[in-house]
Amino acid sequence: MSSIRMGELSELDIEHCLRGEGLGLQVASFRCLVRSDTGRLSSPLRQLYQDYAVETEPGGFYDFRIRLAKTRPNFWKSWEVEFDWDGRSPFPAMPLAQTHPLFEWGLNWCVASVSALHTVIHSAVVERAGQALVLPGQPGSGKSTLCAALALGGWRLLSDELTIVSQSDGLVQAVPRPISLKGTSIGLIGSQFPCADMTEPVADTHKGSIAYARAASAAVAAGEKSAPIGYVVFPRFRPEAELVFEPLSRAAALTELMKNTFNVGMLGAEGFEALARSIAHAKCYAVEYGDLSSILQWVDSTCRHPD
């Protein structure tokens with residue numbers, strides 16, 4: 001099927017597709033068919049996915065067909081939205097105002113699920129000079145904020161949530177999508193990068209207030225260009241802390257990566273060995289920091305392509 005860019009469509013065009021046969025969306029190597037009757041998805045899709053290829057007359061094979069549907073179990077309850085992928089969903093129904101965050105969370109789940117033959121790490125990842133910088137971290141570690149600042153500051157976004165490492169060659173697969181920002185990170189990134197294209201925050205989600213920053217056009221255009229892992233940095237944000245860093249052995253880094261990997265246990269010994277090979281030449285660090293400027297300066301000076 002022929003495709004155009006999302007930005008060539010009006011919100012009305014997108015809404016018509018979502019309520020009809022669906023909108024075909026190409027995200028890197030993944031094809032997704034999206035349907036929704038909520039009336040809450042066309043605006044953020046047009047804003048954040050304007051550079052992505054879409055099909056208004058979908059057909060053929062899709063990696064996943066998803067639907068976000070309005071639901072109201074009882075007349076005295078407010079309208080909610082449900083996420084469905086062929087009858088499956090890891091999420092309960094959510095308030096209708098949270099339709100867009102639910103779409104992004106659901107798409108993460110779909111991508112991770114269909115990538116099960118590769119190693120999938122809960123980690124942001126960016127690239128510069130042909131080297132991927134992997135940023136694993138638990139909620140509150142600051143990885144998404146750091147990822148956003150790096151992606152808006154010249155690094156190529158590969159993913160802000162999932163690092164997909166090929167079992168065959170150890171390269172990181174690019175899946176550039178909107179970057180999620182939560183709580184104080186929304187204002188911080190908005191003030192430091194006033195040209196960033198960001199959605200209005202959605203309040204009171206289970207992750208607090210959440211907004212999304214559009215991925216750079218160049219990152220979307222390079223969506224199928226993979227990269228080897230050059231650096232693994234475990235960030236830990238602690239307010240007002242002085243920046244301190246500790247080089248890690250690859251064995252120690254591998255142990256920590258395992259804690260952030262969704263499926264390496266299912267892949268068994270081969271998965272463990274493949275992950276170990278993927279960081280065989282990487283430089284690994286644990287970094288604690290208290291402000292964004294200090295960690296950005298550290299990354300810029302430390303994570304450089306060798307001359």
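Details of the structure are given in the entry above.
Quick summary incoming for the structure in this document. Bear in mind that the values here come from a model prediction, so they are computed numbers and not experimental data.

1. Points about the overall build of the protein
Thought 1: What the protein contains, in helices and strands, is 9 helices and 18 strands.
Thought 2: Taking 307 residues into account, the globule formula puts the C-alpha radius of gyration at 19 Å, and the protein, at 19 Å, falls close to it.
Thought 3: Over its C-alpha atoms, taken along the principal directions, the protein stretches across nearly 55 × 40 × 35 Å.
Thought 4: Here the protein holds 307 residues, and 51% of them are scored as buried.
Thought 5: A separation of at least 24 residues holds for 72% of the contacts in the protein among residues at least 6 apart in sequence.
Thought 6: For the protein, the computed accessible surface area is about 14000 Å², with 52% contributed by carbon and sulfur atoms.
Thought 7: Separation of charge centres in the protein, based on 27 positive and 33 negative side chains, amounts to 2 Å.

2. Details of the packing of aromatic side chains
Thought 1: A complete count under the given rule lists 11 aromatic pairs for this structure.
Thought 2: Aromatic pair Y49 and F103: ring centres 6.1 Å apart, planes at 75°, arrangement edge-to-face. With Y49 in the loop between α2 (42-48) and β4 (53-55) and F103 in helix α3 (residues 99-114), this pair connects stretches of sequence that are 54 residues apart.
Thought 3: Here the aromatic residues F30, F64, F83, W85, F91 and W109 are joined through ring pairs into a cluster of three or more.
Thought 4: Against the face of Y62 rests R31, its NZ or CZ located 4.2 Å from the ring centre.
Thought 5: In this structure, R88 is placed above the aromatic ring of W85, and the distance from its NZ or CZ to the ring centre is 4.2 Å.

3. A closer look at helix α4 (residues 143-152)
Since one α-helical turn is 3.6 residues long, residues separated by three or four positions face the same way.
Thought 1: When you tally the buried positions in α4, you get 9 out of 10 residues, the bulk of the element.
Thought 2: Along α4, the residues that are buried comprise K143, S144, T145, L146, C147, A148, A149, L150 and A151.
Thought 3: One or two steps after α4, the chain reaches G154, where phi turns positive at roughly 120°.

4. Focus: the sheet that holds strand β6 (residues 80-85)
Within a sheet, neighbouring strands are paired by backbone hydrogen bonds and run either parallel or antiparallel to one another.
Thought 1: The 7 strands lie next to each other as β1-β4-β2-β3-β5-β6-β7, forming an open sheet whose pairing is mixed. The open sheet has two free edges, formed respectively by β1 (4-5) and β7 (94-95), since each of these has just one partner strand.
Thought 2: Relative to β7, β6 runs antiparallel, the two sharing 2 bridges. Along β7, the bridge assignment pairs E80 with P95.
Thought 3: Helix α1 (residues 11-19) rests against β2 (23-27) and β3 (30-36) of the sheet, and its axis sits at about 90° to β3.

5. Quick notes on the environment of S278
Thought 1: Tracing the backbone shows S278 in helix α8 (residues 264-278).
Thought 2: With near-sequence residues (within four places) excluded, S278 lies in contact with V165, G170 and I229.

Calculation criteria
- Every residue gets a number counted from 1 within its own chain, in the order that chain's sequence is written.
- It should be noted that, the model being predicted, local features are given only for residues of pLDDT at least 70 and side-chain atom pairs only at 80 or more, the latter also being counted only at that level, while totals for whole chains, interfaces and linings use all residues.
- Hydrogens and waters are ignored; side-chain quantities use all the structure's heavy atoms.
- Helix and strand definitions follow DSSP, with helices as H or I runs of at least four residues and strands as E runs of at least two, each counted in order from the N terminus.
- It is over C-alpha atoms that the radius of gyration is taken, and the globule rule equals 2.2 Å times the number of residues to the power 0.38.
- Think of it in three bands: with a 1.4 Å probe and only protein chains considered, a residue is buried below 20% of the maximum accessible area for its type, exposed above 50%, and partly exposed in between.
- Pairs of residues are marked as contacts when any of their non-hydrogen atoms sit within 4.5 Å.
- Accessible surface is estimated by sampling points in the Shrake-Rupley manner with a 1.4 Å probe; for residues, cover comes only from the protein chains shown.
- Positive residues here are Lys and Arg, negative ones are Asp and Glu, while His and the chain termini are left out of the count.
- For charged residues, the charge sits on one atom: NZ in Lys, CZ in Arg, CG in Asp, CD in Glu.
- Centre distance within 6.5 Å is the pairing criterion for rings of Phe, Tyr and Trp, where only the six-membered ring of Trp is used; planes under 30 degrees apart are then read as stacked, over 60 as edge-to-face, and the remainder as tilted.
- Whether a charge sits over a ring comes down to the Lys NZ or Arg CZ being within 6 Å of the ring centre and within 35 degrees of the ring normal.
- One requirement defines pairing of two strands: DSSP has to find at least two bridges between them.
- Each axis is a line fitted through C-alpha atoms, and for a helix only the stretch in contact is used; angles between axes span 0 to 180 degrees, taken between their N-to-C directions.

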